[in-house]
Amino acid sequence: MQHNYSYQSALTASDRIGWRVEDLIGGDKKLDFTKPFMPESLAQVKQLSFLTAQEQLTLNQIRGHEYLCMFGLVEEFILPYVVDHARPQLSGDDYRVRALLQFAGEEAKHIHLFKRFREEFEEGFGSKCDFIGPAQEVSRYVLSHSPLGVGIAILHIEWITLRHYIEGVRDNQDLDPQFKSLLKHHWLEESQHTKLDTLIVDEVVANTGAEQINQAFEDYADIGGFIDNGLKQQAELAVESFVRATSRDLSKSQRQELAAAVLKGMRWTYLGTGMTHPNFLATVEAIKPEARKQIEEMAPVFC
Ligand SMILES: [Fe+2]
Ligand SMILES: [Fe+2]
């Protein structure tokens, strides 16, 4: 992709932003369970007309819990990937070294942030919410793919966090202020990660032959398929979490409808928003134009 990103400007922006986990959650900074956590564009619970408004709110918050878990999960593999990319060249370009280590440090902080919000959620929600995993196994599987394939998958993830915030959260006055603050502060740092990961992908591409580029897009598709399988399992877990939280006696068809709506919402949240993101697609096109076409052809299933 044509861009003017640089390690120096990303580092300068990151230095200006810096926030602490303790500033966002804990003490008197509590989640307000009378408010939704996720924008409806991602949660997609209102179409479930057999649920009361309170039940829709509960399901929205279950989706919020899943969002915390999902980013906790993906950042478990982003962190070692960035460290591994930085490690072979820790001298020479000072801005590069500092920007990459700061990127890694921010992802470690985000893992902590999402964990702290999960603790607060679990304390206040009143019943247990399940999530797929374990994160270490997911991380090991994802990182077993080629460096370029993983780099492209991570670039997809970085861009979706921006889209979630800009399109659904920034101008939304209904959301719980603490959850909104989490999404805002995550977005502030992810804005640099999109640029840094584009630079990483550029560097990896420069050392990759045509055959390995084909392999990288197969790996991206495989990682996407792996995540989608996880989402299908997660949709069933969400139904269980919902029934546990509400004691609602759902018919078989209502359970199916609920699981389908959650799956559709998750597919859009984690896959569709990336596969249709113009900047992500521009990077893909610069590497391999047919890969962009293939991703665009596959995208409607996840939108
Ligand atoms: Fe992050
Ligand atoms: Fe990130």
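Predicted model only: the values in this text are computed from it and were never measured.

What follows covers the overall build of the protein chain. Tallying secondary structure elements over the protein chain gives 11 helices and zero strands in all. For the protein chain, the succession of helices and strands along the chain, N to C, is α-α-α-α-α-α-α-α-α-α-α. The C-alpha radius of gyration of the protein chain comes to 19 Å, within 12% of the 19 Å expected for a compact globule of 303 residues. Reported as C-alpha extents along the three principal axes, the dimensions of the protein chain are approximately 60 × 45 × 35 Å. Buried positions account for 56% of the 303 residues belonging to the protein chain. Considering only intrachain contacts with a sequence separation of at least 6, the fraction spanning at least 24 residues in the protein chain is 83%. Approximately 13,400 Å² of the protein chain is accessible, and the part contributed by carbon and sulfur atoms is 50%.

Turning next to the coordination of the iron ion (ligand 2). Angles at a metal have ideal values that depend on geometry: 109.5 degrees with four tetrahedral donors, 90 or 180 degrees with six octahedral donors. At this site the iron ion (ligand 2) is bound by E107 (OE), E158 (OE), E190 (OE), E190 (OE) and H193 (ND1), with donor distances of 2.0 to 2.4 Å. Sequence positions of the residues that donate to the iron ion (ligand 2) give the spacing E-x50-E-x31-E-x2-H. The metal-metal distance between the iron ion (ligand 2) and the iron ion (ligand 1) is 3.3 Å, with E107 coordinating both. Of this pair, E190 and H193 are both found in helix α7 (residues 177-206), three residues apart, which corresponds to roughly one turn of the helix.

Counting 98 residues, the largest nonpolar core has F117, F179, L258 and F280 as the members making the most contacts within it. The leading source of residues in this core is helix α3 (residues 53-86), at 14 residues. Setting aside chain neighbours within four positions, we find F280 in contact with I152, L155, H156, W159, Y220, G274 and I295.

We now examine the pattern of salt bridges. A complete count under the given rule lists 18 salt bridges for this structure. The salt bridge partner of D228 is R267, with a shortest N-O separation of 2.8 Å. Taken as a pair, D228 in helix α8 (residues 210-246) and R267 in helix α9 (residues 252-275) lie far apart in primary sequence, 39 residues in all. Judged by its relative accessible area of 7%, D228 is buried. With a relative accessible area of 16%, R267 lands in the buried category. Residue R292 pairs with E296 through a salt bridge whose shortest N-O separation is 3.3 Å. With a gap of four residues between them, R292 and E296 both fall in helix α11 (residues 289-298), about one helical turn apart.

Turning our attention to the side chain of H277. Summarising the element assignment, H277 is placed in the loop between α9 and α10 (278-287). Judged by its relative accessible area of 9%, H277 falls in the buried class. Excluding its chain neighbours within four sequence positions, the residues that come into contact with H277 are W159 and R163.

This next bit is on α3. Given a rise of 1.5 Å per residue, 34 residues ought to cover 50 Å, and the 48 Å separating the end C-alpha atoms of α3 matches this to within 8%. Of all 34 residues in α3, 27 are buried, a share of seventy percent or more.

Residue P134 follows G133 across a cis peptide bond; omega there is 0 degrees. Structurally, P134 is set in the loop between α4 (94-125) and α5 (135-143). Backbone geometry at Q44 places phi at a positive 55 degrees, although glycine is not the residue there. Along the chain, the position of Q44 falls in the loop between α2 (40-43) and α3. Phi angles above zero are rare outside glycine, and S247 is one such case at about 55 degrees. Judged by relative accessible area, which is 64%, S247 ranks as exposed.

Turning to the coordination of the iron ion (ligand 1), a few remarks are in order. In the first shell of the iron ion (ligand 1), the protein supplies E75 (OE), E107 (OE), H110 (ND1), H186 (NE2) and E190 (OE), at 1.8 to 2.3 Å from the metal. Of note, the iron ion (ligand 1) draws all its donor residues from one chain, in the sequence arrangement E-x31-E-x2-H-x75-H-x3-E.

Overall, the coordinates contain zero disulfides when judged by the stated rule. The cysteine C69 is free of any disulfide, with C129 supplying the nearest cysteine sulfur at 8.1 Å.

Glancing now at the environment of Q136. Here Q136 shows up in helix α5. Taking C-alpha positions, Q136 is 35 Å from D249, a pair spaced 113 residues apart along the chain.

One way to put it is that helix α1 (residues 7-17) packs onto α4 with a least axis distance of 8 Å and a crossing angle of 45 degrees. The angle between α1 and α4 places the two elements in the oblique class. Of the two elements, α1 crosses α4, and the hand of that crossing is left-handed. Within the contact between the two elements, α1 uses Y7, Q8, L11, S14 and D15 and α4 uses Y95, R96, R98, A99, L100, Q102 and E106. Along the lines of polarity and charge, the residues of the contact of α1 with α4 split into five nonpolar, three polar and four charged.

The rules we used
- Residues numbered from 1 in each chain as written.
- Chains lettered and ligands numbered in written order.
- Predicted model: local features only at pLDDT ≥ 70, side-chain atom pairs only at ≥ 80, totals over all residues.
- Heavy atoms only, no water.
- Helix = DSSP H or I, 4+ residues; strand = E, 2+ residues; numbered from the N terminus.
- Rg over C-alpha atoms; globule rule 2.2 N^0.38 Å.
- Buried < 20%, exposed > 50% of the residue type's maximum accessible area, 1.4 Å probe, protein only.
- Contact = heavy atoms within 4.5 Å.
- Areas by Shrake-Rupley, 256 points an atom, 1.4 Å probe, with all protein chains shown as cover.
- Donors = N, O, S within 2.8 Å, 3.2 Å for Na, K, Ca; no water.
- Core = buried A, V, L, I, M, F, W, Y, C linked by side-chain atoms within 4.5 Å.
- Salt bridge = Lys/Arg side-chain N within 4 Å of Asp/Glu carboxyl O.
- Expected span 1.5 Å × (residues − 1).
- Disulfide = S-S within 2.5 Å.
- Axes fitted to C-alpha atoms, helices over the stretch in contact; angles between N-to-C directions.
- Parallel < 35°, antiparallel > 145°, perpendicular 65-115°, else oblique.
- Left-handed = near helix turned anticlockwise from the far one by under 90°.
- Nonpolar A, V, L, I, M, F, W, Y, C, P; charged D, E, K, R; others polar.

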